[in-house]
Structure formats: C-alpha cells, structure tokens
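# Structure assessment
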Amino acid sequence: QVQLVESGGGLVQAGGSLSLSCDASGRTFSMYAMGWFRQAPGKEREFVTAISRSGTRREYADSVKGRFTISRDNAKNTVYLQMNSLKPEDTAVYYCAACATTNILVVLTATVGYDDWGQGTQVTVSS
C-alpha cells in the first residue's frame, strides 16, 4: 500500500493555470503506475490522465488533451499535473491514484484498476 497526498489546488480564473502535486510514501514509488481523476458535484469520478511506471507512456482524456500534462519524478516520489487554459468545467476535486504493476509501460484509464487513492484537492475555475 502507498499513501498519497495531493496539493496545489485552489481558485483560478478561466484561462489560468494550476499545478497539482501528489506525494507518495510507504512503498517503492517506481513500482506504481499513476493516474489523476476528478469528480465534480453530482457526477461520477472520471479519468483525467495517467502515466506509466517508467514515465514513457501517458494517456489523456479528450477533454484535457493539449491543456493538461502529467509527469512524474521517481526520485522525489511525486507525480504532477500541470493544468493550463483552465475552464469552468474543469472544476472538481482532483484525486491521484496508484496501481502496483510489474509492467513498466502500462497506463490505466479506469478507476477499478487503482489500488490506492489520495484524499483529493479542490480545483475551482471561475468564469
């Protein structure tokens, strides 16, 4: 099991940027594929982006392609989410998630694939 703590959320105007971080502890971070999900009020949790253990493969939801970037630093046990050109519809609680895997290239786009979750950080984009 790995413990995940997100940070960096806040209030930003439409068109602005935010950078989220997710710090991991407890197990070897490089053994985990990582993902970011979000959940808006009254909606289901949805996939945002994911990155492989090695960092060489990434997947993005269509709604964030070209605006969001996921990255990781295995030496710092941290995964990042850079969010640019934010829109009001990006408003949600953002969660990072981890999945232990032996495959260094796998990326997971569904919630069911993840074993561990952070507590979430609120992102609010005003119009």
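Higher on the page you've got the structure.
Report follows, based on the coordinates. Treat the numbers as computed from the prediction; the structure is a model and nothing was measured.

Following the criterion strictly, the structure yields one disulfide and no others. A sulfur-sulfur separation of 1.9 Å characterises the disulfide bridge that pairs cysteine 22 with cysteine 96. One quick way to see it: the torsion about the S-S bond of cysteine 22 and cysteine 96 is about 40°, and its sign makes the bridge right-handed. One end of the pair, cysteine 22, is in strand β3 (residues 18-25); the other, cysteine 96, is in strand β9 (residues 92-100), and 74 residues separate them in sequence. With respect to class, cysteine 22 is no different from cysteine 96; both count as buried. Here cysteine 99 is not cross-linked by a disulfide; its sulfur's nearest cysteine counterpart is in cysteine 96, at 13 Å. The exposure class assigned to cysteine 99 is buried, which follows from its relative accessible area of 9%.

All right, on to the packing of aromatic side chains then. Taken as a whole and judged by the stated rule, the model has four aromatic pairs. With 5.7 Å between their ring centres and 70° between their planes, phenylalanine 37 and phenylalanine 47 make a pair best called edge-to-face. Note that phenylalanine 37 is positioned in strand β4 (residues 32-39) and phenylalanine 47 in strand β5 (residues 46-51), a separation of ten residues in sequence. There is no split in this pair, since phenylalanine 37 and phenylalanine 47 are both buried. Directly above the ring of tryptophan 117 sits arginine 45, whose terminal nitrogen or CZ lies 4.9 Å from the centroid. Geometry around phenylalanine 29 places arginine 72 over its ring, the cationic atom sitting 4.4 Å from the centre.

A sheet is described by the order of its strands in space; here four strands give the open sequence β1-β3-β8-β7, paired in antiparallel fashion. Because the sheet does not close on itself, it has two edges, and the strands there are β1 (3-7) and β7 (68-73). Pairs of neighbouring strands in the sheet enclose a mean axial angle of 15°, with direction left out of account. Strand direction decides the pairing type here: β1 and β3, joined by five bridges, are antiparallel. Residue pairing in the sheet places leucine 4 in a bridge with alanine 24 of β3.

The next point concerns the pattern of salt bridges. Note that side chains of opposite charge can pair when their charged atoms are close. Counted under the stated rule, the structure contains five salt bridges. Taking the shortest distance from any N to any O, the salt bridge between lysine 65 and aspartate 62 comes out at 3.2 Å. Owing to a relative accessible area of 66%, aspartate 62 belongs among the exposed residues under this scheme. Note that arginine 67 is salt-bridged to aspartate 90, the shortest N-O span being 2.7 Å. Here arginine 67 is found in the loop between β6 (58-60) and β7, whereas its partner aspartate 90 is found in the loop between β8 (78-83) and β9, with 23 residues between them in sequence. For arginine 67, a relative accessible area of 10% corresponds to the buried category. What you see here is one network of salt bridges that share partners, running through Arg38, Glu46, Arg67 and Asp90.

Parameters at a glance
- Residues numbered from 1 in each chain as written.
- Predicted model: local features only at pLDDT ≥ 70, side-chain atom pairs only at ≥ 80, totals over all residues.
- Heavy atoms only, no water.
- Disulfide = S-S within 2.5 Å.
- Helix = DSSP H or I, 4+ residues; strand = E, 2+ residues; numbered from the N terminus.
- Buried < 20%, exposed > 50% of the residue type's maximum accessible area, 1.4 Å probe, protein only.
- Phe/Tyr/Trp six-rings, centres within 6.5 Å; stacked < 30°, edge-to-face > 60°.
- Lys NZ or Arg CZ within 6 Å of the ring centre and 35° of its normal.
- Pairing = 2+ DSSP bridges.
- Axes fitted to C-alpha atoms, helices over the stretch in contact; angles between N-to-C directions.
- Salt bridge = Lys/Arg side-chain N within 4 Å of Asp/Glu carboxyl O.

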